[in-house]
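An overview of the molecular structure
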Amino acid sequence: MTMRTRTALAIAFALFLGAARGMAAEDRTIPLAVEEAGFAPAEVEAPTGARVRLEVTNRTAAAIEFESFELNRERVIQPGQTAAVYVSGLDPGRYEFFDDFHHQRRGALLVR
Ligand SMILES: [Cu+2]
């Protein structure tokens, strides 16, 4: 292999890796409702490394607080309101969240 071929291959590979990473980091919007009975759906999924916008809508009659220790997020949402909660670059795993005002309401973000 000539030096020039080697350099061209190295550049092509670097571009390929960059493109692969760009795809993994694709934005993803996930609608999530909070109902009297709990989160709907109770489990949502996102790919590893993605930028995730959780659109949390409070469909209950009282304020809720979307909270997650694992995601390090906390957000009060009034009845009828929708709030965006952003998380990104997550490793594979299960990230639990709950309504801090009503602890029986729990859910999880599954990253894989
Ligand atoms: Cu809290």
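Heads up: the structure comes first, above all this text.
The following refers to the structure shown. (Residues numbered from 1 in each chain as written. Predicted model: local features only at pLDDT ≥ 70, side-chain atom pairs only at ≥ 80, totals over all residues. Heavy atoms only, no water.)

**Comments concerning the packing of aromatic side chains**
Applying the stated criterion across every chain yields a total of four aromatic pairs. On the numbers, 4.8 Å between centres and 75° between planes, the contact of Phe39 with Phe97 is edge-to-face. Within this pair, whereas Phe39 is found in strand β2 (residues 38–40), its partner Phe97 is found in strand β8 (residues 93–99), the two being separated by 58 residues in sequence. Assigned by exposure class, Phe39 and Phe97 land together as buried. Residue Phe97 is classed as buried on the basis of its relative accessible area, which comes to 0%. Linked through ring pairs, Phe39, Phe66 and Phe97 together constitute an aromatic cluster. (Phe/Tyr/Trp six-rings, centres within 6.5 Å; stacked < 30°, edge-to-face > 60°. Helix = DSSP H or I, 4+ residues; strand = E, 2+ residues; numbered from the N terminus. Buried < 20%, exposed > 50% of the residue type's maximum accessible area, 1.4 Å probe, protein only.)

**Some words on the coordination of the copper ion**
The copper ion binds to the protein through Glu65 (OE), Glu67 (OE), Glu74 (OE) and Asp100 (OD), with metal-donor distances spanning 1.9 to 2.2 Å. One way to put it: the four donor atoms around the copper ion meet at angles of 88 to 157°, and that makes the site irregular. Site description for the copper ion: donor spacing in sequence, E-x1-E-x6-E-x25-D. Residue Glu74 is found in strand β6 (residues 73–77), and its partner Asp100 is found in the loop between β8 and β9 (102–111); the two are separated by 26 residues along the sequence. We classify Glu74 as exposed; its relative accessible area is 52%. Residue Asp100 is classed as partly exposed on the basis of its relative accessible area of 26%. (Donors = N, O, S within 2.8 Å, 3.2 Å for Na, K, Ca; no water. Tetrahedral: all angles 85-135°; square planar, octahedral: opposite > 155°, others 65-115°.)

**With respect to unusual backbone geometry**
Across the junction of Ala40 and Pro41, the peptide omega takes the value -5°, indicating a cis bond. In this fold, Pro41 is placed in the loop between β2 and β3 (43–46). Although it is not a glycine, Asn72 sits at a positive phi angle of roughly 55°. Inspection of the secondary structure assignment puts Asn72 in the loop between β5 (64–68) and β6.

**Considering the pattern of salt bridges**
Enumeration according to the criterion identifies seven salt bridges in this entry. The residue Glu55 makes a salt bridge to Arg53 at a minimum N-O spacing of 2.9 Å. Overall, the relative accessible area of 26% leaves Glu55 in the partly exposed class. Among the ionic contacts, a cluster of salt bridges with common partners joins Glu36, Asp99 and Arg105. (Salt bridge = Lys/Arg side-chain N within 4 Å of Asp/Glu carboxyl O.)

**What about the sheet that holds strand β1 (residues 27–35)?**
Strand order in the open sheet formed by four strands is β2-β1-β4-β7, and the pairing between neighbours is mixed. Two strands in the sheet have a free side with no partner beyond their single neighbour: β2 and β7 (82–88). For this sheet the average axis-to-axis angle between neighbouring strands, irrespective of direction, equals 30°. Bridge analysis of β1 against β2 gives three bridges, and the strand direction is antiparallel. Within β2, the position partnered with Val34 by the bridge is Phe39. (Pairing = 2+ DSSP bridges. Axes fitted to C-alpha atoms, helices over the stretch in contact; angles between N-to-C directions.)

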